Amino acid sequence: EAITADIDPAERTEAADRCATLLVRGARGSADEEVVSRIVHLADTEGLDALADLWSGSPADSLAGCLWRLYLLRAWVYTDPLRAAFEFDAGRRHAPVHEVVAGVVDPPGPDEVRELVDLVLSGVARGDFADTLYRAAAFARVVAAGRAHADSSAYDEDLSAARLLTMADQLE
């Protein structure tokens, strides 16, 4: 009652969870490629800011929080595919098991990492959602290892690698 200038946090959380649930449930088992494509490109069509307004404050262990992390990871890969490919390539020497789970082809180039994040995100509509989260987490772990072992181990890079590792933990 004391909140006058903003939406009630409980209502925001409820709306985020409901939207995430409807998105995933509505897409489950869909053989329609258009539905799968719309889910993969949701951030492109609706804007990452719109998704952030809806999901970014959601707890990491909620469906909305998981979807936010998946779209955030995809947005980063699409924004900087060269760096994503370089860091994945560097990290796979330090996290070989996670490399296999992530499933990027060898050698990982910009197109390959973009294809991977789209394939992983399509798992929201197809396959097991848990597998989708594990593959995204594995990808984030390998990239974090590559970032942490980069030649320039500046504080900002180390902090960024730690945040990516946290994201991987949250997705798992």
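Predicted model only: the values in this text are computed from it and were never measured.

Reading guide: rules and limits
- Residues numbered from 1 in each chain as written.
- Predicted model: local features only at pLDDT ≥ 70, side-chain atom pairs only at ≥ 80, totals over all residues.
- Heavy atoms only, no water.
- Core = buried A, V, L, I, M, F, W, Y, C linked by side-chain atoms within 4.5 Å.
- Buried < 20%, exposed > 50% of the residue type's maximum accessible area, 1.4 Å probe, protein only.
- Helix = DSSP H or I, 4+ residues; strand = E, 2+ residues; numbered from the N terminus.
- Contact = heavy atoms within 4.5 Å.
- Axes fitted to C-alpha atoms, helices over the stretch in contact; angles between N-to-C directions.
- Parallel < 35°, antiparallel > 145°, perpendicular 65-115°, else oblique.
- Left-handed = near helix turned anticlockwise from the far one by under 90°.
- Nonpolar A, V, L, I, M, F, W, Y, C, P; charged D, E, K, R; others polar.
- Phe/Tyr/Trp six-rings, centres within 6.5 Å; stacked < 30°, edge-to-face > 60°.
- Salt bridge = Lys/Arg side-chain N within 4 Å of Asp/Glu carboxyl O.

Draft legend 1. Looking closely at the nonpolar core. Residues Trp-55, Leu-67, Leu-70, Val-124 and Phe-139 are the most contacted members of the largest nonpolar core, which totals 41 residues. Elements represented by at least two residues in this core include exactly helix H1 (9-27), helix H2 (33-40), helix H4 (48-55), helix H5 (63-79), helix H6 (81-91), helix H8 (110-122), helix H9 (129-148) and helix H10 (155-171). Ranked by the residues each element gives to this core, the list is headed by H9, at 9 residues. Not counting the four nearest positions on each side in its chain, Trp-55 is found in contact with Ala-16, Cys-19, Ala-20, Leu-23, Leu-42, Ala-64, Leu-67, Trp-68 and Tyr-71.

Draft legend 2. Spatial organisation of the packing of H8 against H9. Put simply, H8 and H9 touch, their axes get as near as 9 Å, and they point 150 degrees apart. What the angle tells us is that H8 and H9 run roughly antiparallel. Handedness of the crossing formed by H8 with H9: left-handed. From H8, Val-113, Leu-116, Val-117, Leu-119 and Val-120 reach across to H9, where they touch Thr-132, Arg-135, Ala-136 and Phe-139. Tallied by class, the residues present in the contact of H8 with H9 amount to 7 nonpolar, 1 polar and 1 charged.

Draft legend 3. Examining the packing of aromatic side chains more closely. What the rule picks out here adds up to 2 aromatic pairs. Where Trp-55 meets Tyr-71, the ring centres are 6.1 Å apart and the plane angle is 25 degrees; that geometry is what we call stacked. Of this pair, Trp-55 sits in helix H4 while Tyr-71 sits in helix H5, and the two are 16 residues apart along the sequence. Judged by its relative accessible area of 1%, Trp-55 is buried. Ring geometry for Phe-88 and Phe-139: centres 5.4 Å apart, planes at 15 degrees, overall stacked.

Draft legend 4. Geometry of the pattern of salt bridges. Evaluation of the coordinates by the stated rule reveals 8 salt bridges. Residue Glu-157 pairs with Arg-83 through a salt bridge whose shortest N-O separation is 2.6 Å. Note that Glu-157 is positioned in helix H10 and Arg-83 in helix H6, a separation of 74 residues in sequence. Note on Glu-157: relative accessible area 22%, which makes it partly exposed. With a shortest N-O distance of 2.7 Å, Arg-92 and Asp-89 are connected by a salt bridge. Exposure remark for Asp-89: the relative accessible area of 24% places this residue in the partly exposed category. Among the charged side chains, a salt-bridge network with shared partners connects Arg-83, Glu-87, Arg-147 and Glu-157.

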